[in-house]
Amino acid sequence: MTADLTVTTTSTSYPVVVQAGALASLPTRLEALGLRGALWLVCDGAVETLYAAPVAERLRGAGFVVHTYSVPPGDASKSSARLSDLHTWMIADGVERRDAVLALGGGVVGDLAGFAAATILRGIAVVQMPTTLLSMVDAAVGGKTGINHALGKNLIGAFHQPRLVLADTDTLSSLPPHALREGWAEVIKHGVIRDAGLFVELERIAEARGWDNARPGGLWDAADAALTATLSGLIRRAVAVKVEVVSIDEFERGERITLNYGHTIGHAVEQLSHYGLLHGEAVAVGMHAEARIAQLMGMCDGDLVERQAALIHAYGLRTALPAYDVDAILALTMRDKKVQAKKIRWVLPAAIGTVQVRDDVPEELLRRALQA
Ligand SMILES: NC(=O)c1ccc[n+]([C@@H]2O[C@H](COP(=O)([O-])OP(=O)(O)OC[C@H]3O[C@@H](n4cnc5c(N)ncnc54)[C@H](O)[C@@H]3O)[C@@H](O)[C@H]2O)c1
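Undergrad: Just checking my understanding: could you explain the sheet that holds strand E4 (residues 66–71) for this structure?
TA: Paired through backbone hydrogen bonds, the strands of a sheet run either parallel or antiparallel to each other. A sheet is described by the order of its strands in space; here 7 strands give the open sequence E1-E2-E9-E6-E5-E3-E4, paired in mixed fashion. A single partner strand is all that each edge strand has here, and the edge strands are strand E1 (5–8) and E4. Direction aside, neighbouring strands of the sheet carry axes that sit 20° apart on average. Relative to E4, strand E3 (residues 39–44) is paired through 6 bridges, and the arrangement is parallel. Each residue of the ladder has a partner; that of Cys43, found in E4, is Ser70. Here helix H2 (residues 45–61) sits on the sheet in contact with E3, E4 and strand E5 (100–105), set at roughly 160° to E3. Lying over the sheet, helix H8 (residues 225–248) contacts E1 and strand E2 (13–19), oriented at roughly 15° with respect to E1.

Below is the structure:
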């Protein structure tokens, strides 16, 4: 049994559990946290029968009152209409302040259900139970919740820290390979920004597998129990990076910007593809481009760029920038949320495990990095 991680901010503290089979411990963990009110379990259609039904049954067996709501899979569920439906469901069935929302699913469910919990009755408890690699490593930890607006993604929301994050890595075995693959981009990112040892471990596994990137899930192989256990350990280590960063900077005023490595170019490319590229695929491309910017700035050598590219490829992702107009990419980077006083704050690697924030990257250098 691995020890729990802990997020500790100025306002709160909560455990983050990353473990195979972790869902089985949910009833006892809720009891231990004093969460004995009704439970409002939100999931999406993909996890409803696979995980939500057994979880609800186990909770009822332990004496909890459980209400279940399933949303259609996909980002369109992060809408004000769906949020309003969730509010109606809870109010009509008598939600109380001592109750808790259980968000079981990927980042879509986590963001939507988390925001419903943040807003109903001025805020009730939420437990995040991520079932995608991306939501385990990123979305479920740190308390960012919200929905999309017609004018842009994630524009309406609130910080609402969960009381518990319970990531059961066994749930990844049913994840479609493309969803698993894109999650590796965030795992690699966490190695580059803060944990060189994690990066080296990822390299060691790739090396042991002959740098073979043909596996659909990007090295994940549910049939190989030993490998799956090793990769679960790596996921926990990648989650630890997010736990550390949000503990230092709960409200994204400083350190949390480092989590955006690869995202400035990544978001631009994602938008230019009209979301044809998955988020993690775009972040992989963005990390490669931003490492090249760092190299041209003289912050790191070519070896870092090559090691990172080799790892991205080994985990089933690409580094090549799609053939978009450089001006279009640059225009979109100026709309990045990290722009301050019309200057982009770039998160750039100085070494594996260390990044620096720079706002002095000349446009001509950016063009050279993107054209290359
Ligand atoms: N709050 C944050 O800090 C934060 C950070 C990053 C991303 N996000 C948000 O997260 C969302 C993306 O999250 P995501 O990548 O998890 O996408 P997602 O929630 O859409 O899940 C991806 C797909 O996998 C399915 N699925 C989920 N778990 C499964 C499982 N175990 N087995 C089989 N299928 C499963 C889902 O139904 C969906 O079709 C975006 O809306 C993004 O804005 C939030």
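Still more to cover.
Undergrad: Can you help me understand the site of the ligand in this one?
TA: Around the ligand lies a shell of 26 residues, among which Asp44, Asp75, Thr131, Thr132 and Ser174 are the nearest. Separating a nitrogen atom of the ligand from a side-chain N or O atom of Thr131 is a distance of 2.7 Å. Between the ligand and the protein, one listed contact pairs an oxygen atom with a side-chain N or O atom of Asn154 at 3.2 Å. Protein burial of the ligand: of its 870 Å² of free accessible surface, 84% is covered by the chains. The set of elements that each furnish at least two residues to the shell around the ligand consists of H2, helix H4 (107–119), helix H5 (133–139) and strand E8 (152–159). At 4 residues, H5 tops the list of elements feeding residues into the shell around the ligand.

Undergrad: What exactly am I supposed to notice about the side chain of Thr228 here?
TA: With respect to the helices and strands, the residue Thr228 is situated in helix H8. Assessed through its relative accessible area of 16%, Thr228 is described here as buried. Residues in contact with Thr228, not counting those within four places in the same chain, are Trp220, Asp221 and Ala222.

Undergrad: What's the story with the domain arrangement of the chain in this structure? I'm lost.
TA: A common measure of how large an interface is: the accessible area buried when the components associate. For the chain, the assigned domains are domain 1 (5–174) and domain 2 (177–206 + 249–371). The straight-line distance from the C-alpha centre of domain 1 to that of domain 2 is 29 Å. In this complex, domain 1 contributes 14 residues to the contact, which on the side of domain 2 involves 15 residues. When the two sides are added together, the surface that domain 1 and domain 2 hide from each other amounts to roughly 1200 Å², 64% of it contributed by carbon and sulfur. Looking at the side of domain 1 facing domain 2, the largest losses of area belong to Leu133, Leu134 and Phe159, adding up to 41% of the total buried there. Across the domain 1-domain 2 interface, the total number found is 1 salt bridge. The interface formed by domain 1 and domain 2 includes 5 residue pairs in polar contact (both at pLDDT 80 or more). Contributions of two or more residues to the side of domain 1 that touches domain 2 are made by H5 and E8. For the side of domain 1 that touches domain 2, a count of residues per class yields 6 nonpolar, 5 polar and 3 charged.

Undergrad: What am I meant to see in the pattern of salt bridges here?
TA: One side chain can pair with another of opposite charge once the charged atoms of both are near each other. For the structure on display, the rule yields 19 salt bridges. A salt bridge links Lys242 to Asp138; its shortest N-O distance comes to 2.8 Å. With Lys242 in helix H8 and Asp138 in helix H5, this pair connects stretches of sequence that are 104 residues apart. Overall, the relative accessible area of 5% leaves Lys242 in the buried class.

So, how was this worked out
- Here the residue numbering is sequential within each chain, running from 1 through the sequence in written order.
- Local features are withheld for residues below a pLDDT of 70 in this predicted model, meaning they are given only at 70 or higher, and side-chain atom pairs are given and counted only at 80 or more; totals for whole chains, interfaces and linings count all residues.
- Values reported for side chains reflect all heavy atoms of the structure, with hydrogen atoms and water molecules removed beforehand.
- For two strands to pair, DSSP has to find at least two bridges joining them.
- Helix and strand definitions here come from DSSP, where helices need a minimum of 4 consecutive H or I residues and strands a minimum of 2 consecutive E residues; each element is numbered from the N-terminal end.
- Only the stretch in contact is used when a helix axis is fitted, and all axes are lines through C-alpha atoms; the angle between N-to-C directions ranges over 0 to 180 degrees.
- Any two residues having at least one pair of non-hydrogen atoms within 4.5 Å are treated as being in contact.
- Whether a residue is near a molecule or strand depends on its heavy atoms: if one lies within 4 Å, it is near.
- Think of a polar contact as two N or O atoms within 3.5 Å of one another; within protein, one of them needs to be a possible hydrogen donor and the other a possible acceptor, and neighboring residues in sequence only count if both atoms come from side chains.
- Note that accessible areas follow from Shrake-Rupley with a 1.4 Å probe, and for residues the cover is restricted to the protein chains shown.
- Think of it in three bands: residues with accessible area under 20% of the maximum for their type are buried, residues over 50% are exposed, and the middle band is partly exposed, with areas taken using a 1.4 Å probe on protein chains only.
- Reported domain spans reflect what an automatic or database domain assignment gives.
- By definition, the buried area sums, over both parts, the 1.4 Å-probe accessible area that each loses when the two are put together.
- Just to be clear on terms, a salt bridge is a Lys or Arg side-chain nitrogen sitting within 4 Å of an Asp or Glu carboxyl oxygen.
- Under the convention adopted here, Pro, Cys and the residues Ala, Val, Leu, Ile, Met, Phe, Trp and Tyr are nonpolar, Asp, Glu, Lys and Arg are charged, and Gly plus all remaining residues are polar.

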